[in-house]
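Inside the fold
Take a look at the letters that make up each chain.
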Amino acid sequence: MANRNVPVYTTREMTTIRQLSRIYPPLSFGEAKKAVRYLQNRNRHGVVRYGDLGVNQLLIHQSPEDQEAFVRSVFQPLWEKKEKYSDLEKTLLVYVHCGQSAHLTAKQLHIHINTLYQRLRKIEELLAIDLKQPEDKLKIQLACHLRSE
């Protein structure tokens, strides 16, 4: 891990992370290091609990470049003709954000449900996925999650 100043809040003054590790149990210290790594990888500041990272716990050791490459590999077909497919990208992001609820997505996008289904079929075709398949669904959810990070 790179040497960077990261604010750490404790009940007494500490000058090194080693001092902190002597006070708190090893598990807590390890989780704190992972939470710091998460913030550093995303160029964020603030306070975050490791337990609140959710699925991001699995991504801590993935470099930002690897995560961006993954997102790019998923969305690339929609980005090749950005002006033509920008509605499809927005549709996919909203669809995932709405928990894959067609009715909520159509309502939020102010489109007819049949228009949504047409767009979803086109998205599946362009991205070579099937949104009913668990692995494809997970891949899309993860890519959309990372896209909105």
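Structural notes on the packing of aromatic side chains
Under the criterion given, the structure shown has 1 aromatic pair. With centroids separated by 5.7 Å and ring planes inclined at 15°, the aromatic side chains of F75 and W79 adopt a geometry described as stacked. Here W79 and F75 lie together in helix α3 (residues 64–79), a separation of 4 residues that amounts to about one turn. Seen from the ring of F75, R147 lies directly overhead, with NZ or CZ sitting 5.7 Å from the centre.

Details of the nonpolar core
Ranked by size, the top nonpolar core spans 26 residues in total, and within it F75, L92, L127 and I140 carry the most contacts. Counting only elements with at least two residues in this core, the list comes to α3, α4 (82–97), α5 (102–109), α6 (113–127) and α7 (134–148). Per element, the largest residue contribution to this core is 6 residues, and it comes from α4. With near-sequence residues (within four places) excluded, L92 lies in contact with F75, I123, L127, I140 and C144. Listed in part, the 6 residues of the second largest apolar core include Y38, L39, L53 and I60.

A closer look at the packing of α4 against α6
Where α4 meets α6, the axes come as close as 10 Å, and the angle between the chain directions of the two elements is 100°. Accordingly, the angle class assigned to the pair α4 and α6 is roughly perpendicular. Where α4 approaches α6, its residues Y85, D87, L88, T91, L92 and Y95 are matched on the opposing element by L116, R119, L120, K122, I123, L126 and L127. A class-by-class count of the residues in the contact of α4 with α6 yields 9 nonpolar, 1 polar and 3 charged.

What to know about the pattern of salt bridges
Applying the stated rule across the entire model yields 4 salt bridges. The residue E125 makes a salt bridge to K122 at a minimum N-O spacing of 3.5 Å. Here K122 and E125 lie together in helix α6, a separation of 3 residues that amounts to about one turn. Through salt bridges with shared partners, one network takes in K82, E89 and R147.

Parameters and conventions
- Along each chain, numbering runs from 1 in the same order as the chain's sequence is written.
- Restriction of local features to residues with pLDDT of at least 70 applies here, the model being predicted, together with a cutoff of 80 or more for giving and counting side-chain atom pairs; totals for whole chains, interfaces and linings are based on all residues.
- In computing side-chain values, all of the structure's heavy atoms are included and hydrogens and water are not.
- Note on aromatic contacts: the rings of Phe and Tyr and the six-membered ring of Trp form a pair at centre separations within 6.5 Å, being stacked when their planes are under 30 degrees apart, edge-to-face when over 60 apart, and tilted otherwise.
- The helix count covers DSSP runs of H or I at least four residues long, the strand count covers runs of E at least two residues long, and both are numbered beginning at the N terminus.
- Here, over-ring charges are defined by two tests on the NZ atom of lysine or the CZ atom of arginine: distance to the ring centre within 6 Å, and angle to the ring normal within 35 degrees.
- Throughout this description, the term nonpolar core refers to a set of buried Ala, Val, Leu, Ile, Met, Phe, Trp, Tyr and Cys residues connected via side-chain atoms within 4.5 Å.
- A simple rule labels every residue: compare its accessible area, found with a 1.4 Å probe on the protein chains alone, to the largest value its type can have, and call it buried under 20%, exposed over 50%, or partly exposed in between.
- By the convention used here, residues are in contact when the closest approach between their heavy atoms is within 4.5 Å.
- Orientation is described by lines fitted to C-alpha atoms, with helices fitted over the stretch in contact, and by angles between N-to-C directions that extend from 0 to 180 degrees.
- Throughout this description, any angle smaller than 35 degrees is read as roughly parallel, any larger than 145 degrees as roughly antiparallel, any in the 65 to 115 degree range as roughly perpendicular, and the remainder as oblique.
- The nonpolar class holds Ala, Val, Leu, Ile, Met, Phe, Trp, Tyr, Cys and Pro. Asp, Glu, Lys and Arg form the charged class, and all remaining residues, Gly among them, are polar.
- Basic side-chain nitrogens of Lys or Arg form a salt bridge, by our definition, when they fall within 4 Å of a carboxyl oxygen of Asp or Glu.

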